[in-house]
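Residue-level listing of the chains:
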Amino acid sequence: MPTEGRDERETVHLLRAVAVELGLHSARFAGANGMHPTDVRALIALMDARRAAEEMTAGRLGAALGLNSAGTTAVVDRLERAGHVRRVRGTADRRKVVIEVEERAVELGRSFFGPLIGRTAELLRGYDDRERAAIHGFLEGVRRAAAEAG
């Protein structure tokens, strides 16, 4: 077998396998908590916005999830009924309704995903700063490529 490109293909296939495993882990969380997989993706988007101190409107959430207005409303309604999110007025613009994740949902996610996050952080500590920067750059490049391909 020619070696040209083999390392790159193996890395791409490994990345795909990682994505599949992460998707399965997320699906197990969804199933264990009576959620749809899209609900989990919505919670992740909301937690990311919270970490960035950004307000998340329904329109912005729908765009992040690739959903139309009706689909976004259904997700937010399900999450609100389950006690995972709440609708509140925006701080900068009180006319805007923003979706905030409840602390209960954060704790639920932390209890399930925390061990995986901890193990991942432990693996990263095995690399020096230059290697971690390369890993970060590679993953960010793949994320951008996937977003642009969509």
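Our subject is the structure that appears above.
I will try to describe carefully the structure that is included in this document. (Residues numbered from 1 in each chain as written. Predicted model: local features only at pLDDT ≥ 70, side-chain atom pairs only at ≥ 80, totals over all residues. Heavy atoms only, no water.)

## Concerning the overall build of the chain
Counting its regular elements, the chain contains six helices and two strands. Along the chain, helices (α) and strands (β) appear in the sequence α-α-α-α-β-β-α-α when read from the amino end. For the chain, the C-alpha atoms occupy an extent of roughly 60 × 30 × 30 Å along the three principal directions. A fraction of 46% describes how many contacts in the chain between residues 6 or more apart in sequence connect residues 24 or more apart. (Helix = DSSP H or I, 4+ residues; strand = E, 2+ residues; numbered from the N terminus. Contact = heavy atoms within 4.5 Å.)

## A few points about the packing of aromatic side chains
Ring pairs (aromatic) are described by centroid distance and by the angle formed between their planes. Applying the stated criterion across every chain, the model contains three aromatic pairs. Ring pairs connect the aromatic residues F29, F112 and F113, which therefore count as one cluster. (Phe/Tyr/Trp six-rings, centres within 6.5 Å; stacked < 30°, edge-to-face > 60°.)

## Points about the nonpolar core
Buried together is how nonpolar side chains tend to be arranged in soluble globular proteins. In this structure, L43, L46, L61, V85 and V101 are the most contacted members of the largest nonpolar core, which totals 22 residues. For this core, the elements supplying multiple residues, two or more each, are α1 (6-32), α2 (37-51), α3 (58-65), α4 (69-81), β2 (97-101) and α5 (103-124). Residue contributions to this core peak at seven residues, all from α2. (Core = buried A, V, L, I, M, F, W, Y, C linked by side-chain atoms within 4.5 Å. Buried < 20%, exposed > 50% of the residue type's maximum accessible area, 1.4 Å probe, protein only.)

## Notes on the packing of α2 against α4
Contact pair α2 / α4: the axes reach a minimum separation of 10 Å and the direction vectors enclose 85 degrees. With respect to their mutual orientation, α2 and α4 come out roughly perpendicular. Mapping the contact onto sequence places T38, D39, A42 and L43 in α2 and V75, R78 and L79 in α4. Of the residues contributing to the contact of α2 with α4, the split by class is four nonpolar, one polar and two charged. (Axes fitted to C-alpha atoms, helices over the stretch in contact; angles between N-to-C directions. Parallel < 35°, antiparallel > 145°, perpendicular 65-115°, else oblique. Nonpolar A, V, L, I, M, F, W, Y, C, P; charged D, E, K, R; others polar.)

## Quick notes on a nonpolar patch on the surface
Together, L14, V18, L22 and L116 give the surface a local cluster of nonpolar side chains, amounting to about 340 Å² of exposed area. Broken down by element, the residue count for the nonpolar patch peaks at three residues, all from α1. (Patch = residues over 30% accessible without salt bridge, like charges linked within 9 Å, V, L, I, M, F, W, Y side chains within 5 Å. Areas by Shrake-Rupley, 256 points an atom, 1.4 Å probe, with all protein chains shown as cover. Salt bridge = Lys/Arg side-chain N within 4 Å of Asp/Glu carboxyl O.)

## Points about the pattern of salt bridges
Inspection of every chain in the model, using the stated rule, returns 14 salt bridges. The closest approach of N and O atoms between R95 and D93, which form a salt bridge, is 3.0 Å. One continuous salt-bridge network, built from bridges that share partners, spans D77, E80 and R87.

## Focus on the side chain of D39
For D39, the location among the structural elements is in helix α2. By relative accessible area, D39 is classed as buried at 3%. Aside from chain neighbours lying at most four places away, what touches D39 is V75, R78 and L79.

## Comments concerning the side chain of H84
With respect to the helices, strands and loops of the structure, H84 is situated in the loop between α4 and β1 (85-89). By relative accessible area, H84 is classed as buried at 4%. In contact with H84, other than residues within four places in its own chain, are M35, L43, L79, E100, V101, E102, R104, A105 and L108.

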